[in-house]
Amino acid sequence: MFGATRCPVGPEERAWIEESLAWLLAEFGPEVLLRPPVLPTAEHFPGPFDGSPEQIRALVVRLCGDFGVDPDGLSIEIEEYDPQADRMAAELGLTVSSSGAAGHFRIEHGRPVVAVGQEQGARPLSLVATIAHELGHVRLIAERRTDPDRPDGEPLTDLLTVFFGFGVFNANAAFTRTVDGDRISRHRLGYLPQEAYGYALACYAHLRGEARPGWAAHLDTNPRGYLRQGARFLRHHPLPFTAR
């Protein structure tokens, strides 16, 4: 009871999330925030997916529409994957951990380039999160909305994925653990911890006027718990701005 209204993040991170969401709202407008979120359902992603380079490329093009990016003005690279390390780990029954970026963004000869690792095709949900992050760079850096050397540029790009309705994917991909026989794999993706995603998603729901968002059912246990904690906190400490 005593901790019922505690924010899932500390004061500095809370202030950064709230101020950054206010900036994104002013920069991209409420229409983006208020449209239906993208979810890991057949409605949003119909048909089979085999993780081939062709299908990864097609997925990047499809998500360009959600981010308002012209795919014809974008170069898409699918980086080849060498499965030897994973195969050796599987044979030895090792625990494998990975973290950091699974995609890359750069501007080459004035043209934005989004590169995605082919190995991401084996994890479609993380693949969507990776593409969403890289397309966020297009909206922020290629459109010159932020400085590419901005110290909080990567976390801000993660937060943009929440604002653009991809928060379920990126929050779930922030940490995943899979068990295959004796082999345990842990993957960390992105730059925000799950607590920050949970509070950002609570702010997202709050701005949308959603007391009990149905899309929260698609979140993994930890980010869903942090979202609920953040929602309780916001009932007592509402945001100082609105989206309407």
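Above this text is the structure in question.
Residues numbered from 1 in each chain as written. Predicted model: local features only at pLDDT ≥ 70, side-chain atom pairs only at ≥ 80, totals over all residues. Heavy atoms only, no water.

Caption draft 1: Molecular detail of a positive patch on the surface. The grouping of Arg212, Arg228, Arg232 and Arg235 at the surface amounts to a positive patch. Relative to the assigned elements, Arg232 resides in helix 9 (residues 221-236). When its relative accessible area of 34% is taken as the criterion, Arg232 is described as partly exposed. (Patch = residues over 30% accessible without salt bridge, like charges linked within 9 Å, V, L, I, M, F, W, Y side chains within 5 Å. Areas by Shrake-Rupley, 256 points an atom, 1.4 Å probe, with all protein chains shown as cover. Salt bridge = Lys/Arg side-chain N within 4 Å of Asp/Glu carboxyl O. Lys, Arg positive; Asp, Glu negative; His and termini not counted. Charge placed at Lys NZ, Arg CZ, Asp CG, Glu CD. Helix = DSSP H or I, 4+ residues; strand = E, 2+ residues; numbered from the N terminus. Buried < 20%, exposed > 50% of the residue type's maximum accessible area, 1.4 Å probe, protein only.)

Caption draft 2: Spatial organisation of the side chain of Thr161. Within the secondary structure layout, Thr161 lies in helix 6 (residues 153-163). Polar side-chain contacts of Thr161 include one of 2.5 Å to the backbone oxygen of Asp158. (Polar contact = N/O pair within 3.5 Å; in protein donor to acceptor, adjacent residues only side chain to side chain.)

Caption draft 3: Examining the pattern of salt bridges more closely. In the structure shown here, the tally under the stated rule is 9 salt bridges. Taking the shortest distance from any N to any O, the salt bridge between Arg106 and Glu108 comes out at 3.1 Å. Salt-bridge contacts for Arg145 lead to Glu143; the nearest nitrogen and oxygen are separated by 2.8 Å. For Arg145, a relative accessible area of 26% gives the class partly exposed. By relative accessible area, which is 33% here, Glu143 ends up partly exposed. Salt bridges sharing common partners tie together Glu27, Arg139, Glu143 and Arg145.

Caption draft 4: Spatial organisation of the side chain of His133. Looking at where His133 falls in the secondary structure, it is placed in helix 5 (residues 124-142). The buried category is assigned to His133, whose relative accessible area is 6%.

Caption draft 5: Seen up close, the pairing of strand 3 (residues 103-108). Judged from the 6 bridges that link them, strand 3 and strand 4 (residues 111-117) form a sheet pairing that is antiparallel. The partner of Arg106 across the bridge, within strand 4, is Val113. In this antiparallel pair of consecutive strands, strand 3 and strand 4, the connection spans 2 residues, and His109 shows a positive phi of 55 degrees. (Pairing = 2+ DSSP bridges.)

Caption draft 6: Broad picture of the environment of Gly103. Within the secondary structure layout, Gly103 lies in strand 3. Owing to a relative accessible area of 3%, Gly103 belongs among the buried residues under this scheme. Distance from Gly103 to Glu79, taken between C-alpha atoms, is 8.8 Å for residues 24 residues apart in sequence. Excluding anything up to four places from it in sequence, Gly103 contacts Ala115, Val116, Thr130 and Glu134. (Contact = heavy atoms within 4.5 Å.)

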